[in-house]
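Chains, contacts and geometry: an overview
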Amino acid sequence: MSPPSLDRFRSRLAGTIREEPNPFGDAVFRAEPSDLRDVLRSLRDEHGFDLLLDVTAVDHLELPDSKPRFDVVYILRPSVGSERVRVQCRPPDEDLSLETVSDLWKAANWAEREVYDQYGVRFRNHPNLKRILNHKDFVGHPLRKDYDIKKQQWLSEPDDLMDEMRKLRGGAEGEESESVLLNIGPSHPAMHGALRALVDLEGETVRHTVPEIGYLHRGFEKSAEKGTYTHVIPFTDRLNYCSSVMNNVGYCRTIEKMLGIEPTPRAQTIRVVLLELGRIMDHLVSVAANLVDVGALTNYWYLFNERERIYDVIEALCGARLTHCYVRIGGLAHDLHAGFEEGVEGILRELPKALADVERLVARNRIFLDRVVGVGAITAEEAISHGFTGPCLRACGVPNDLRKDEPYYGYDGYDWNVIVGTRGDTYDRIWVRMEEMRESMRIVAQAMKKMPGGPVDVDDKRVSLPPKTEVYGNIEALMNHFMIIMEGIKPPAGECYGSIEAANGELGFFVVSDGTGKPYKVKVRPPCFYVFSAFPRLTEGGMIQDLIATLGSLNIIAGELDR
Amino acid sequence: MIAYVRNIQDACASIFDGMAVTFSHLFRRPITVQYPDRIPRRIQETLPDRTRGHLEVDLDICISCRACEKACPIECIVIEDVRIPKDSVAGVDGKETARVKEPTRFDINLYKCMYCGLCVEPCPTGAIRFTKEFEGATDDLSRLHLRFVTPERREVVLRKGEGYEREQAEKARKKAEAAAKPEGGKQVDPPAAGEESKEGDKE
């Protein structure tokens, strides 16, 4: 297949599909509902856009063009490469349904369920169109603009998931006497957060898995529509709370893209250092917890000691250990503190020792190897179809990494490698993370060495608060100060998708602005949502203890999974 | 056969490897501390300067501009205020800044607060700031609802407010008198209007 090219797509489909101008430079195509599947299939098969990143919708009720009301957005990119394309399609108001693409991409299954859940757009021929984040008895569609944010509903009956399980088991109820149904989670120490999986067991072998998510759904996207663009930053901390600074950067970078702002060189380099420290923290948690899952408990302490060391540095930098809230639109909350450099040096000195310890403990350990090698394996094609990104996809041997594919913040200026696995099993996922920590350390060391001087906030009156001394001194600075606080930062109207390579994969933000100080819509593309959608595929046919080991290696963070 | 023997060899070797690593950790300095007792100093004293603990408000320098109230994403700050006769306070770096309002109520709901720090940044005088206190566990939620304006202070501020009302009434009366005298009216009006709009900007 030839390399992905939008130009070729443009020339091929000239006439049948309309390209929409986008103020932020994204490639956006508008498809008719009847052509949608053909357009998407052609993009996937003929033009190399094989990774469906996200499906979402925009409710145009309060925008000038409110007919038809909903705009369904498909975001695609090649599994290796930088180009990104959005295909948008407006289902007619009277029918409000589109043909499903869940047979083209497995990732579309959950993505379309989410659109149905949040917006009420139906997908014809979808295998299992039911709510995913909200409770099964929930009335209404919360992300519609006419759904009141303060409205409360009393929901008490848990979903027994038997509708899905019955479909999977097939046959009559009586024949199933051999198998046992077991609920793992939502409150189970091995489930890494409030996740639930209903499994159908035959002996110790998992025959069917039905995952249920949404226990930690707190309406991030609805809350984001309530305040100003700055108000969203502390909410992003709570997405992937193992590496909250990465979410801050991902969000702020998207808003900066809308505003056409490039952070100062110093801010960019500090962000790179923090992104890599965040990646290390995240991987430490993931690897440590995964090792506990397979019975190697001591490693947990050795790795968490190092995580503690990073937390100490970040605490001194921004004042909080877990929810950093350190990045601002156009800059950072503070400059580096005195002692940051020594702190980072300490991390770079001690972390390799801990990694070496862990490697010595487990690398040749028979029990460990038997528990993880070949467990929960997935091929690259399937992983791509499921929308895998990040370490889980790299473990399958696909060198997918936004830092290389679409270098931002000068990532192309550092000397580092993308780590890939070969088998896509639990062992590879653990080892990809272990090696990525080493690569991250290399980036941190290089970034600290070249740390440029200068301010950390951009000199742009639209986003940066003026210095306090000026606020007193001149009326213009005072007015500017209060405008930013009272009305908020105002990106130009339009739709924009921005993403970074977070610890778990591509963390994307699809933001719609109507030109006011309030975001019209903020949609997160959480990497582990799509990874978890493959959970049945990864666990079915394996042993029940392998299910636990596999889950740990996927690093599902409920905060970002459920939003 | 060779592979089988090597496997056994590996398995045995890895046990000793593991023991060696674990044993070496016996002689390393622990990274944990015995909280809350058995530490030489209170933990709060050892926290870094930027620690985002409980919020506090210095009402003597608060100009009631409500920037913090607006900056809070979850509305945990509630301010009520009155106009007072214009005076000035010493803010950051001791720089003088004018004050035309003073709060009669300044509540922070610490049990809603997520310690993000967005309210501290816009404060023009540095009146709202973080302390290093973080131990908020309590069996009584109302203890986390901080009310910075005490009833006594409220009385004082309200009296100041009444003073302002009187001042305004006086001004209005003088203005009306001046307007009654046709020749003096033009001289009194412009400065009064200028002052009004300047104050309006600062709100």
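Residues numbered from 1 in each chain as written. Chains lettered and ligands numbered in written order. Predicted model: local features only at pLDDT ≥ 70, side-chain atom pairs only at ≥ 80, totals over all residues. Heavy atoms only, no water.

1. Some details on the overall build of chain A
To keep things clear, this is the line we draw: Per the convention used, a helix needs a DSSP run of H or I reaching at least four residues, while a strand needs a run of E reaching at least two, with both numbered from the N terminus. Two things to know: the radius of gyration comes from C-alpha atoms, and the globule rule equals 2.2 Å times the number of residues to the power 0.38. Exposed residues in this analysis have more than 50% of their type's maximum accessible area, buried residues have under 20%, and partly exposed residues fall in between, with area computed by a 1.4 Å probe over protein chains only. Should any heavy atoms of two residues lie within 4.5 Å, those residues are counted as being in contact. Every accessible area reported is derived by Shrake-Rupley at a probe size of 1.4 Å, with residue values counting cover from the shown protein chains alone. In this count, Lys and Arg are taken as positive residues and Asp and Glu as negative ones, while His and the chain termini are left out. Charge positions are represented by NZ for Lys, CZ for Arg, CG for Asp and CD for Glu.
Counting secondary structure elements, chain A contains 21 helices and 15 strands. On C-alpha atoms alone, chain A measures out to a radius of gyration of 24 Å, which is about the 24 Å that the 2.2 N^0.38 rule sets for 563 residues. Principal-axis analysis of the C-alpha atoms gives chain A an extent of 80 × 65 × 55 Å. Evaluated residue by residue, chain A yields a buried proportion of 65% over its 563 residues. Restricting the contact set of chain A to residue pairs at least 6 apart, pairs at least 24 apart contribute 69%. Accessible surface computed for chain A: about 19,900 Å², of which carbon and sulfur atoms make up 52%. Counting 69 positive and 86 negative side-chain charges, chain A places the averaged centre of each group 1 Å from the other.

2. Looking at the packing of helix α10 (residues 340-362) of chain A against helix α1 (residues 2-25) of chain B
Rules: Between N-to-C directions, angles cover 0 to 180 degrees, with each direction set by a line fitted to C-alpha atoms, over the stretch in contact for helices. For any pair of crossing helices, the crossing counts as left-handed if the nearer helix is rotated counterclockwise from the farther one by less than a right angle, and right-handed if it is rotated clockwise. Polar here means any residue other than Ala, Val, Leu, Ile, Met, Phe, Trp, Tyr, Cys and Pro, which are nonpolar, and Asp, Glu, Lys and Arg, which are charged; Gly is therefore polar.
Running from N to C, α10 of chain A and α1 of chain B point in directions that differ by 145 degrees, and their axes come no closer than 7 Å. In this structure, α10 of chain A crosses over α1 of chain B, and the sense of that crossing is left-handed. Packed against α10 of chain A, whose contacting residues are Asp357, Arg360 and Leu361 of chain A, the element α1 of chain B presents Asp17, Gly18, Ala20, Val21, Thr22 and His25 of chain B at the interface. A per-class count over the contact of α10 of chain A with α1 of chain B returns 3 nonpolar, 3 polar and 3 charged.

3. Side note on the interface of chain A and chain B
What counts is decided by this rule: Joining two parts hides part of their accessible area as seen by a 1.4 Å probe, and the buried area is that hidden amount summed over both. Salt bridge, as used here, is a side-chain nitrogen of Lys or Arg placed within 4 Å of a carboxyl oxygen of Asp or Glu.
With 44 residues of chain A in contact, the opposing surface of chain B contributes 43 residues. Together chain A and chain B conceal approximately 3,800 Å² of surface at their shared face, both sides included; 57% is due to carbon and sulfur atoms. Linking chain A to chain B there are 6 salt bridges. Put simply, Asp17 of chain B and Arg364 of chain A hold a salt bridge, and the shortest N to O gap is 3.4 Å.

4. Examining the packing of helix α8 (residues 265-293) of chain A against helix α9 (residues 298-318) of chain A
All names here are of chain A. The condition is simple: Roughly parallel means an angle under 35 degrees; roughly antiparallel means over 145; roughly perpendicular covers 65 to 115; every other angle is labelled oblique.
One way to put it is that α8 packs onto α9 with a least axis distance of 9 Å and a crossing angle of 155 degrees. Comparing their axes, α9 and α8 come out roughly antiparallel. Helix-helix and strand crossings are classified by hand; for α8 and α9 the assignment is left-handed. Between α8 and α9, the residues in contact are Leu274, Leu277, Ile280, Met281, Leu284, Val285, Val287, Ala288, Ala289, Leu291 and Val292 and Asn299, Tyr300, Leu303, Phe304, Glu306, Arg307, Ile310, Tyr311, Ile314 and Leu317, respectively. Looking at the contact of α8 with α9 residue by residue, the class counts come to 18 nonpolar, 1 polar and 2 charged.

5. What to know about the confidence of the model for chain B
The following threshold applies: Predictor confidence is given residue by residue as pLDDT, running from a minimum of 0 to a maximum of 100.
Averaged over all residues, the pLDDT of chain B is 80; the fraction at 70 or higher stands at 88%. Low pLDDT, under 50, characterises residues 185-203 of chain B; the predicted model gives this stretch 15 contacts beyond four residues in sequence or across chains.

6. A word on a negative patch on the surface
Residue and element names in this part refer to chain B. Defined as follows: Patches draw on residues past 30% relative accessible area with no salt bridge. Two like charges within 9 Å are joined, as are two nonpolar side chains (Val, Leu, Ile, Met, Phe, Trp, Tyr) within 5 Å.
Taken together, Glu152, Glu155, Glu162 and Glu165 make up a surface patch of like negative charges. Mapped onto the elements, Glu152 comes out in helix α3 (residues 151-180). Taking the relative accessible area as the measure of exposure, Glu152 reaches 56% and is therefore exposed.

7. Details of empty space enclosed by the protein
Residues and elements named next belong to chain B. The condition that has to hold: Put simply, the grid is 1 Å and covers the protein atoms alone, a cavity is a trapped set of points that fit a 1.4 Å probe, a pocket is an open set with protein on both sides within 12 Å along at least five of seven lines, and lining residues have an atom within 4 Å of a point. Grid points are joined across faces, edges and corners, and a volume is the space filled by probe spheres set on the points.
A complete count under the given rule lists 4 cavities of 30 Å³ or more for this structure. Taken as a whole, the largest cavity encloses approximately 100 Å³ of empty space. Lining the largest cavity are 16 residues; nearest its centre among them are Cys62, Ser64, Cys65, Cys68 and Cys123. Counted as a void, the second largest cavity has a volume near 90 Å³. Around the second largest cavity, the lining is made up of 14 residues, and of these Cys72, Cys76, Cys113, Cys116 and Cys119 lie nearest the centre.

8. Thoughts on the nonpolar core
When a protein is soluble and globular, its nonpolar side chains tend to lie buried together. The condition is simple: Here, nonpolar core means buried Ala, Val, Leu, Ile, Met, Phe, Trp, Tyr and Cys residues that are tied together by side-chain atoms lying within 4.5 Å of each other.
Core analysis: the largest hydrophobic core is formed by 129 residues, its most contacted members being Tyr251, Ile329 and Phe368 of chain A together with Ile77, Phe106 and Ile128 of chain B. Among the elements that take part in this core, α8 of chain A stands out by supplying 14 residues, more than any other. Aside from chain neighbours lying at most four places away, what touches Phe368 of chain A is Leu291, Val294, Val362, Tyr427, Ile430 and Trp431 of chain A. Residues Leu6, Val121, Met191 and Cys528 of chain A belong to the second largest nonpolar core, which totals 82 residues.

9. As for a nonpolar patch on the surface
Residues and elements named next belong to chain B. On the surface, Met1, Tyr4, Val5 and Ile8 cluster together into a nonpolar patch covering about 470 Å² of accessible area. Looking at the element boundaries, Ile8 is found in helix α1. The partly exposed category is assigned to Ile8, whose relative accessible area is 42%.

10. Overview of the sheet that holds strand β2 (residues 27-31) of chain A
All names here are of chain A. Filter applied, for reference: Note on pairing: DSSP must find at least two bridges between two strands before they are called paired.
Across the sheet, which stays open at both edges, the 5 strands sit in the order β1-β2-β5-β4-β3 with mixed pairing between neighbours. Edge positions in the open sheet fall to β1 (18-20) and β3 (51-59), since each of these has one partner strand only. Adjacent strand axes in the sheet meet at a mean angle of 30 degrees, parallel and antiparallel pairs treated alike. Here 5 bridges tie strand β4 (residues 70-77) to strand β5 (residues 85-89), and the two strands are oriented antiparallel to one another. By the bridge assignment, Ile75 is partnered in β5 with Arg86.

11. Here we look at the pairing of strand β15 (residues 519-525) of chain A
Looking along a regular strand, one sees the side chains alternate between the two faces of the sheet. Residues and elements named next belong to chain A. With respect to burial, β15 is a largely interior element, 7 of its 7 residues being buried. In terms of strand pairing, strand β14 (residues 505-513) meets β15 through 6 bridges, oriented antiparallel. Its bridge partner lying in β15, Phe510 is registered against Lys523. The turn joining β14 and β15, which pair antiparallel and follow one another in sequence, is formed by 5 residues; a positive phi near 90 degrees is taken by Gly515.

12. Examining the sheet that holds β14 of chain A
Residue and element names in this part refer to chain A. Pairing is antiparallel across the open sheet formed by 3 strands, whose spatial order is β13-β14-β15. Where the open sheet ends on each side, the last strands, each with one partner, are β13 (494-502) and β15. Averaged over all neighbouring strand pairs, the angle between strand axes comes to 15 degrees, with direction disregarded. In terms of strand pairing, β13 meets β14 through 9 bridges, oriented antiparallel. Across the sheet, Ala502 pairs through a bridge with Gly505, a residue of β14.

13. As for the pairing of β5 of chain A
Residues and elements named next belong to chain A. Of all 5 residues in β5, 5 are buried, a share of seventy percent or more. Covered by surrounding structure in β5 are Val85, Val87 and Cys89 together with Arg86 and Gln88, the residues of both alternating faces. Pairing between β2 and β5: 5 bridges, direction parallel. What sits directly across from Ala27, in β5, is Val85.

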